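# Structural overview for review
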Amino acid sequence: FFISLIISLLLFCSCDKDPNLSIDPKEINVEAIGGTFSVSVNSSGEWTAVVENASLNNWCSLENSSGNKNGKITIKVSENPDSLPREAIIKVSLENLTKEVKISQSGFKSEIIPLTEYTLSGSSCQWQNLYNNASPFLVVINSDEELSNYISCTSGIYPAIDFTENTLLIAKGSTPGGFVSIVDTLELIGPSQYLLSVDVTMDYSLCPLSWLRFLLTSEKIPSNAIVSLNINQHY
């Protein structure tokens, strides 16, 4: 009995000294836009964390890479500008124990942003600083102050545009022949990157013309976004 008791005590003491390490979650799925995430660490001692192949996976970084016993790892994932998904592994180690966190980020998916034509019909306002400029060009207006640079109103009352929800785009171009129809398409082609495509169907029997497109977006374009203009001419 005494021998069994001593053996049990020795085994208990030995097990009590063994290191333990657990993490949660073990997998994080991230949208293309990226973000900040955290992983909980429970351990019996000092642990370290690293991004595997960090030089190749520099889109995934750790705000803290070590801790003692229980703590959290803060992970920052940048935007994925590519259409392909990507993965990274974070290794958390304590003595001879290693746990892994898998970071899976989806690729960027393009999106069509609905547009509506904008008009000043019936108002006391007129567009300015547009007609004499070289063609083509694109103006992105995100505030009443920016709008006042391109419009003048005899009444002193400017059109009401909700710039907290919408952006006004003004595109100008010209055609070697008159145009029959124009179709406008705004596409989100990358993180904070937009492309306005203007498809013009022409008729060479008509005189060459310049055109202006006033378009209101269904959602606000960030002020730091890049918006490009592409004109496609058909006949």
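### Focus: the overall build of the chain
For the chain, the count of helices and strands is 2 helices and 19 strands. Rg of the C-alpha trace for the chain: 30 Å, well past the compact-globule value of 18 Å for 235 residues, more than 25% over. Dimensions of the chain, computed from C-alpha atoms along their principal axes, come out at roughly 110 × 40 × 25 Å. Residues counted as buried form 34% of the 235 residues belonging to the chain. When the accessible surface of the chain is summed, it comes to about 14000 Å², and 51% of that surface belongs to carbon and sulfur atoms. Both charge centroids of the chain, one from 13 positive and one from 25 negative side chains, sit 10 Å from each other.

### A few points about the pattern of salt bridges
Close approach of charged atoms allows side chains with opposite charge to pair. In this structure the tally under the stated criterion is 4 salt bridges. With a shortest N-O distance of 2.6 Å, Asp-184 and Arg-213 are connected by a salt bridge. In this pair, Asp-184 is assigned in strand S16 (residues 178-190) and Arg-213 in strand S18 (residues 209-217), connecting sequence segments 29 residues apart. Across the pair, exposure class does not vary: Asp-184 and Arg-213 are buried alike. Within the structure, one salt-bridge network assembled from shared partners comprises Glu-117, Asp-184 and Arg-213.

### A short note on the state of the cysteines
One pass over the full model with this rule turns up 1 disulfide. Linked covalently through their sulfurs, Cys-125 and Cys-153 form a disulfide whose S-S length is 1.9 Å. Because the torsion about its S-S bond is 110°, the bridge between Cys-125 and Cys-153 counts as right-handed. A residue pair is termed long-range when its members are at least 10 positions apart, and Cys-125 in strand S12 (residues 125-127) and Cys-153 in strand S14 (residues 151-153) qualify at 28 residues. For Cys-125, a relative accessible area of 8% corresponds to the buried category. Residue Cys-153 is classed as buried on the basis of its relative accessible area of 14%.

### Remarks on the environment of Leu-188
As for its position among the elements, Leu-188 is in strand S16. Spatially, the C-alpha atoms of Leu-188 and Glu-87 are 24 Å apart, while their sequence positions differ by 101 residues.

About the thresholds
Going along each chain's sequence as written, the residues are numbered from 1 onward. Selection of residues for local features in this predicted model requires a pLDDT of at least 70, selection of side-chain atom pairs for listing and counting requires 80 or more, and totals for whole chains, interfaces and linings are taken over all residues. Excluded from the side-chain calculations are hydrogens and water; all other atoms, namely the structure's heavy atoms, are used. Helix and strand assignments come from DSSP, with helices taken as H or I runs of at least 4 residues and strands as E runs of at least 2, each series counted from the N terminus. Radius of gyration means the value over C-alpha atoms here, while the globule rule gives 2.2 Å times the residue count to the 0.38 power. Residue exposure (1.4 Å probe, protein chains only): buried if accessible area is under 20% of the type maximum, exposed if over 50%, otherwise partly exposed. Surface accessibility follows the Shrake-Rupley procedure with a 1.4 Å probe radius. Residue values consider only the protein chains on display as shielding. For the charge count, each Lys or Arg is scored as positive and each Asp or Glu as negative, with His and the chain ends excluded. Positions of charges follow a simple convention, taking NZ of Lys, CZ of Arg, CG of Asp or CD of Glu. One side-chain nitrogen of Lys or Arg within 4 Å of one carboxyl oxygen of Asp or Glu is enough to make a salt bridge. Here, the term disulfide refers to a pair of cysteine sulfur atoms separated by no more than 2.5 Å.

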